Amino acid sequence: MRSLNAEALSSVTSCCTGRTIILMYEKCISLGATCTPAWQIRNYCHLAKAYPFDWLVTSFGSLIEVIESDFEKFVDCDDLQVIRDGGTVLNTRYNLLHHHDFQRISGKIDPGWKSSAVEVASKYEYLANRWRSLSEYEDKVLFVRHQGHLDADFKYLSPLVEDDMHILQATLSRRFPRLDFDILFVTAGSSPTESARLYHATVPYANEADWPNPDDRWKGATADWDRLLTDFAVKR
């Protein structure tokens, strides 16, 4: 996997910001694990379209399973349950969180949340169809996966290893055999071995300088994300 440290990023930047700029990626799509990359992509691109993994909280295993199953029975009320004293909704079929999909009252999931499950299912079918349409997309796509493995409480557990990254690459290649894509793995730590079409970049966690309000810090280190997406010549 190609690791882009500060020195490497400078060289990429100098190539991409000269007189003959070549746009590298027409689309930049979040693959989770949380909403941070989706927020940063939208903040950078301004008009980025939504895709299914934008606002979910997904473990690496659940990401692979959803892609392989092609979103089969993705939002089935029988598979959903409110957990953490009303803090979020767990999808037990895929072991992921619909953290932003249901209305809240005073910070907790609305007790009548099941009444909106059909609407949520319809939204994800729409987004899944947009995802499927990538099979016919002719321009270059950058997929972005943030952080590594999550534990049973969906908190950061350990970084992805090289085998994990090749698994994701192979899964996407099977799903979109004609798509020209790269994958950017963004972590707060060191990178695995290099190989084609896989990139690694280090972005620190957000701090008080990024977001003085602690409630906003889930958005990530915006200045670093902006530099990163600029270095990758993502279309704005």
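Residues numbered from 1 in each chain as written. Predicted model: local features only at pLDDT ≥ 70, side-chain atom pairs only at ≥ 80, totals over all residues. Heavy atoms only, no water.

Chemist: Mind showing me how you'd approach the nonpolar core here?
Modeler: Note on soluble globular proteins: their nonpolar side chains tend to be buried together. With 40 residues, the main nonpolar core has Phe53, Phe74, Trp131, Phe143, Leu168 and Leu172 as its most contacted residues. Of all the secondary-structure elements, those providing two or more residues to this core are helix H3 (60–69), helix H4 (117–132), strand E9 (141–146), helix H5 (162–175) and strand E12 (181–187). By residue number, the principal contributor to this core is H4, which donates six residues. Not counting residues within four places of it along the chain, the set of residues in contact with Leu172 comprises Leu31, Ile67, Trp131, Phe143, Phe181 and Ile183. (Core = buried A, V, L, I, M, F, W, Y, C linked by side-chain atoms within 4.5 Å. Buried < 20%, exposed > 50% of the residue type's maximum accessible area, 1.4 Å probe, protein only. Helix = DSSP H or I, 4+ residues; strand = E, 2+ residues; numbered from the N terminus. Contact = heavy atoms within 4.5 Å.)

Chemist: I keep staring at the confidence of the model for the chain and nothing clicks. Help me out?
Modeler: Any region with low pLDDT has predicted coordinates that should not be read closely. With 86% of its residues at a pLDDT of 70 or more, the chain shows a mean pLDDT of 85. Overall, residues 1–22 carries pLDDT values under 50, and its contacts beyond four positions in sequence, including any with other chains, amount to 34 contacts. (pLDDT = per-residue confidence, 0-100.)

Chemist: Even after reading the chapter, I still don't get the environment of Asp70, so can you show me in this structure?
Modeler: Looking at the secondary structure, you find Asp70 in the loop between H3 and strand E4 (80–83). The exposure class assigned to Asp70 is partly exposed, which follows from its relative accessible area of 26%. Separated by 61 residues in sequence, Asp70 and Trp131 have C-alpha atoms that sit 9.4 Å apart. Asp70 has contacts with Arg132 and Arg175, leaving out every residue within four places of it along the chain.

Chemist: Would you mind showing me how to read the sheet that holds strand E3 (residues 57–58) here?
Modeler: Pairing in this open sheet of four strands is antiparallel, and the strands run E3-E6-E5-E4 from one edge to the other. The open sheet has two edge strands, E3 and E4, and neither has a second partner. Looking at chain direction, strand E5 (residues 88–91) and strand E6 (residues 96–97) are connected through two bridges and run antiparallel. Following the sheet pairing, Asn91 is matched in E6 by Leu96. (Pairing = 2+ DSSP bridges.)

Chemist: Would you explain unusual backbone geometry in this entry?
Modeler: The bulk of non-glycine residues show a negative phi, and the bulk of peptide bonds are trans. Going from Gly32 to Ala33, the amide bond is cis rather than trans, its omega being 15°. Locating Ala33 in the fold gives a position in the loop between strand E2 (27–30) and helix H2 (36–45). Here the phi dihedral of Phe71 falls at roughly 65°; this positive angle occurs in a residue that is not glycine. Structurally, Phe71 can be placed in the loop between H3 and E4. Judged by its relative accessible area of 5%, Phe71 is buried.

Chemist: Is there a simple way to think about the packing of H3 against H5 in this case?
Modeler: Two quantities define a packed helix pair, namely the angle between the axes and the distance from one axis to the other. Where H3 meets H5, the closest approach of the two axes is 10 Å, and the angle between their N-to-C directions is 15°. Relative to H5, H3 is oriented roughly parallel. Every pair of crossing elements has a handedness; the one defined by H3 and H5 is left-handed. Where H3 abuts H5, its residues Phe60, Leu63, Ile64, Ile67 and Glu68 lie against Asp164, Ile167, Leu168, Thr171, Leu172, Arg174 and Arg175. For the contact of H3 with H5, the residue count by class is seven nonpolar, one polar and four charged. (Axes fitted to C-alpha atoms, helices over the stretch in contact; angles between N-to-C directions. Parallel < 35°, antiparallel > 145°, perpendicular 65-115°, else oblique. Left-handed = near helix turned anticlockwise from the far one by under 90°. Nonpolar A, V, L, I, M, F, W, Y, C, P; charged D, E, K, R; others polar.)

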